[in-house]
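# Results of the structural survey
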Amino acid sequence: NETSVAASPSSNAVSPSQTPSTSLFPTASSMPSSAPTLTTVPSSAPTLTSSSIPTLMPSSYPSNHPTAFPSFSPTIYPSDMPSSSPSRGVHSISPLKQCTSRCKRTNGYMFNVQLRENAANDIEIISIKFRHKAPKDHRVIRVYTNNEGYKGNEESLESWTKICSGRASKQNNVVSTVRIDPPQRIKAGETLGFYLETDSEEKIMIGGKFGKTTTLDDNGVKLQYGAARFNDQFTENISWSGSVEYEILDN
């Protein structure tokens, strides 16, 4: 008779688990996967420490921690050296302080525009703006120039050359503009004096006395002010309420 013998497993065989693991937290390997999973959803627990190997490409998103505040120490004064590449277009320069109260009325005002010797480009004066009272009858504003500047020429009006004129607005306490035609060119190192005049009975321009008498901008343009006629005499160090517009030229 044949006897049935049950085959016994080899002693080297490994018996698999009959019940797979149900753990929700698999063991983490110290080596990352060679093919990590890519997701479009950011992690809810991002890494807080920086990597020792920086990213070669910049992030497509802005920083969550940008600089909170601008500088507390902005530049207060313009540079002693004018810009070597000044921007084109119309620029404006005006007295540091405009006369807004206790202003005196005048029918004549003088000031200088100077371009520093180290300025990179020549300029052209194209217009002058001034705040004024309402004229009664005559609105004409005459503009004169003097190549030596106004100082020393306050009383010698024959040394001034009339270049153009304009009209003041009929309104009170507004700013009017006189177009300088032809525009007045100033080269590096030069000073040009300007004289604004209305009829003697129309004392509509206003001015006042302040500590500062010059304004210097980043293009090397200096505004020197000024002298105003009160009671038929010119008084120095008077600031008017207005501005000078100029353009930078290609030398």
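Let me begin by describing the structure that accompanies this report. (Residues numbered from 1 in each chain as written. Predicted model: local features only at pLDDT ≥ 70, side-chain atom pairs only at ≥ 80, totals over all residues. Heavy atoms only, no water.)

Our next topic: the overall build of the protein chain. Helix and strand counts for the protein chain stand at 0 helices and 14 strands. From first element to last, N terminus to C terminus, the protein chain shows the α and β order β-β-β-β-β-β-β-β-β-β-β-β-β-β. Within the span of the protein chain, comprising 251 residues, buried residues form 35% of the whole. Contacts spanning at least 24 positions in sequence make up 83% of the contacts within the protein chain whose residues lie at least 6 apart. Here the protein chain displays about 17,700 Å² of accessible surface, and carbon together with sulfur accounts for 51% of that area. (Helix = DSSP H or I, 4+ residues; strand = E, 2+ residues; numbered from the N terminus. Buried < 20%, exposed > 50% of the residue type's maximum accessible area, 1.4 Å probe, protein only. Contact = heavy atoms within 4.5 Å. Areas by Shrake-Rupley, 256 points an atom, 1.4 Å probe, with all protein chains shown as cover.)

Note that Thr 191 resides in strand β8 (residues 191–197). Only 2.9 Å separates the side chain of Thr 191 from the side chain of Gln 114, close enough to count as a polar contact. Apart from residues lying up to four places away in sequence, Thr 191 is in contact with Asn 112, Val 113, Gln 114, Asn 146, Asn 147, Gly 149 and Gln 224. (Polar contact = N/O pair within 3.5 Å; in protein donor to acceptor, adjacent residues only side chain to side chain.)

Within the largest apolar cluster, 33 residues are counted, with the highest numbers of intra-cluster contacts made by Phe 111, Val 113, Ile 123, Ile 125 and Val 143. When residues of this core are assigned to their parent elements, the largest contribution, 5 residues, is made by strand β11 (residues 221–230). Once you skip the residues sitting within four places of it in the chain, Ile 125 turns out to touch Val 113, Ile 180, Pro 183, Gln 184, Ile 186, Phe 194, Val 244, Glu 245 and Tyr 246. (Core = buried A, V, L, I, M, F, W, Y, C linked by side-chain atoms within 4.5 Å.)

Turning our attention to the packing of aromatic side chains. What the rule picks out here adds up to 7 aromatic pairs. A centroid spacing of 5.5 Å and a plane angle of 15 degrees characterise the contact between Phe 111 and Phe 194, whose relative ring orientation is stacked. One end of the pair, Phe 111, is in strand β3 (residues 108–115); the other, Phe 194, is in strand β8, with 83 residues separating them in the sequence. The same class applies to Phe 111 as to Phe 194, namely buried. Pairing Tyr 195 with Phe 234 gives two aromatic rings, centres 6.1 Å apart and planes at 65 degrees, and the pair type is edge-to-face. (Phe/Tyr/Trp six-rings, centres within 6.5 Å; stacked < 30°, edge-to-face > 60°.)

Right, let's get into the pairing of strand β9 (residues 205–209). Burial within β9 is extensive, with 4 of its 5 residues counted as buried. Direction of pairing for strand β2 (residues 104–106) relative to β9: antiparallel, over a ladder of 3 bridges. Bridge pairing in β9 links Lys 104 to Gly 207. Bridge count between β9 and strand β13 (residues 238–240): 3 bridges; the pairing is antiparallel. When the bridges of β13 are listed, Lys 209 appears paired with Ile 238. (Pairing = 2+ DSSP bridges.)

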